[in-house]
Amino acid sequence: MATMSAGINASAATAGANQFVQAANRVKSGAREMDTSIERTTASAGRMGKMMSDLRTTLLAMGGAWTVHKLVRDTAGAMADFEQNMAFVQAVTKSTTSQMGAMERAAREMGATTRYTAAQAAEGLLILSRAGLSAQQAIQTLPAVLSMALVGMTSLKIAADVVVNTMYQFDLAVEDAVRITDAFVNITNKTNTDIIQLAEGMKYAGSIAGLLGIELEETSAALGILANRGIKSSLAGTKLRGVLLALVNPTKKGRDAIKQMGLSVESVNPEIVGMTKA
């Protein structure tokens, strides 16, 4: 019985060993297949990575070429705008070659030293020229116009109109252009108004104030005070003009009212005492 049992066990062991060898061979085969699959995947990933790298290089090259193309196009456009604006300036002012050279230098200098381009500065010169300024006057006024447009966040056209109109209203010279810009910017920074609203008020009150000898700063301050009370733009200008005219030439009722306050007509006449004392 012992011999038979040993034989059976040996046979079972042999069969088990064969099964183990077969299983091991299958594992080895599976491992080889996995290695092959990994190698194929790695190779594929390498090819994809190279393809993406090549594509990135191509796109960067295309982007660089487009950037250069756009830069050249924009530069050419700006040069064309500059030349066109200067041609218009020459046609409006009938300036000599020497005067045109001075204006071109001024425009290029502003283009190099301010946030505005030379073409935009040339546009400013064109606007000033169309407003009746000579070549030299336009050159002198241009920096103040660019400053007002920048600080007041408005267009060159509006800024130029404001500066030139104020010159005429208060009988000022081009040398006062910076003073005009300072007066407007100062009031808009300290009161509830802006450049456009203040200019609209000046349209109605500026001329009469200038004729009465009232200073620009006084007039702009009065408009600023009215703005703080919600009276702005053309309404403020109309109200201020009415007050000035009433004080300069009061009606009989107005004279009586002034006398009742213990004042004389002369003591409240802005043409005589100015606006702050009137």
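(A) How the structure looks around the packing of helix H3 (residues 118-130) against helix H4 (residues 135-151). H4 packs onto H3 with a crossing angle of 120 degrees between their chain directions and a minimal axis gap of 9 Å. As far as their axial angle goes, H4 and H3 are oblique. As H3 packs across H4, the resulting crossing turns out to be right-handed. Between H3 and H4, the residues in contact are Ala121, Gly124, Leu125, Leu128 and Ser129 and Ala138, Ile139, Thr141, Leu142 and Val145, respectively. Among the residues making up the contact of H3 with H4, the classes are represented as 7 nonpolar, 3 polar and no charged.

(B) Spotlight on the side chain of Ser220. Turning to its location among the elements, Ser220 is positioned in helix H8 (residues 216-228). Taking relative accessible area as the criterion, Ser220 reaches 1% and is therefore assigned buried. With residues up to four places along the chain from it excluded, the contact list for Ser220 reads Ala183, Ile187, Leu198 and Met202.

(C) Region of the structure containing helix H7 (residues 195-211). An ideal rise of 1.5 Å per residue puts 24 Å on 17 residues; H7 measures up with 22 Å between its terminal C-alpha atoms. Along its length, H7 reaches its greatest deviation from straightness, about 50 degrees, at Ala205. Among the residues of H7, those classed as buried are Ile195, Leu198, Ala199, Gly201, Met202, Ala205, Gly206, Ile208 and Ala209. Buried-residue contacts for H7 involve H4, helix H5 (156-169), helix H6 (177-190), H8 and helix H9 (233-248). The opening residue of H7, the one whose side-chain oxygen lies 3.2 Å from the backbone nitrogen of Ile196, is Asp194.

(D) The arrangement of the pattern of salt bridges in detail. In this structure the tally under the stated criterion is 6 salt bridges. A salt bridge links Glu215 to Arg179, with the shortest nitrogen-to-oxygen separation between them at 2.7 Å. Highlighted residues: Glu215 in the loop between H7 and H8 and Arg179 in helix H6, separated in sequence by 36 residues. For Asp256, the salt bridge goes to Lys252, with nearest N and O atoms at 3.2 Å. With Asp256 and Lys252 both in helix H10 (residues 252-260), this residue pair falls 4 residues apart, about one helical turn. In the salt-bridge network here, residues are joined through shared partners; they are Arg179, Glu215 and Glu217.

(E) A look at the confidence of the model for the chain. Taken as a whole, the chain shows an average pLDDT of 82; of its residues, 72% reach a score of 70 or greater. Within the chain, the element-level pLDDT minimum falls on helix H1 (residues 2-93), averaging 60, and the maximum on H8, averaging 97. In this model residues 1-8 is a low-confidence stretch, pLDDT under 50, and it forms 0 contacts with partners more than four residues away in sequence or in other chains. Across residues 68-74, where pLDDT falls below 50, the model places 1 contact with residues more than four positions away in sequence or in other chains.

What counts as what
- Residues numbered from 1 in each chain as written.
- Predicted model: local features only at pLDDT ≥ 70, side-chain atom pairs only at ≥ 80, totals over all residues.
- Heavy atoms only, no water.
- Axes fitted to C-alpha atoms, helices over the stretch in contact; angles between N-to-C directions.
- Helix = DSSP H or I, 4+ residues; strand = E, 2+ residues; numbered from the N terminus.
- Parallel < 35°, antiparallel > 145°, perpendicular 65-115°, else oblique.
- Left-handed = near helix turned anticlockwise from the far one by under 90°.
- Contact = heavy atoms within 4.5 Å.
- Nonpolar A, V, L, I, M, F, W, Y, C, P; charged D, E, K, R; others polar.
- Buried < 20%, exposed > 50% of the residue type's maximum accessible area, 1.4 Å probe, protein only.
- Expected span 1.5 Å × (residues − 1).
- Bend = angle between axes of the 7 residues up to and from the residue.
- Polar contact = N/O pair within 3.5 Å; in protein donor to acceptor, adjacent residues only side chain to side chain.
- Salt bridge = Lys/Arg side-chain N within 4 Å of Asp/Glu carboxyl O.
- pLDDT = per-residue confidence, 0-100.

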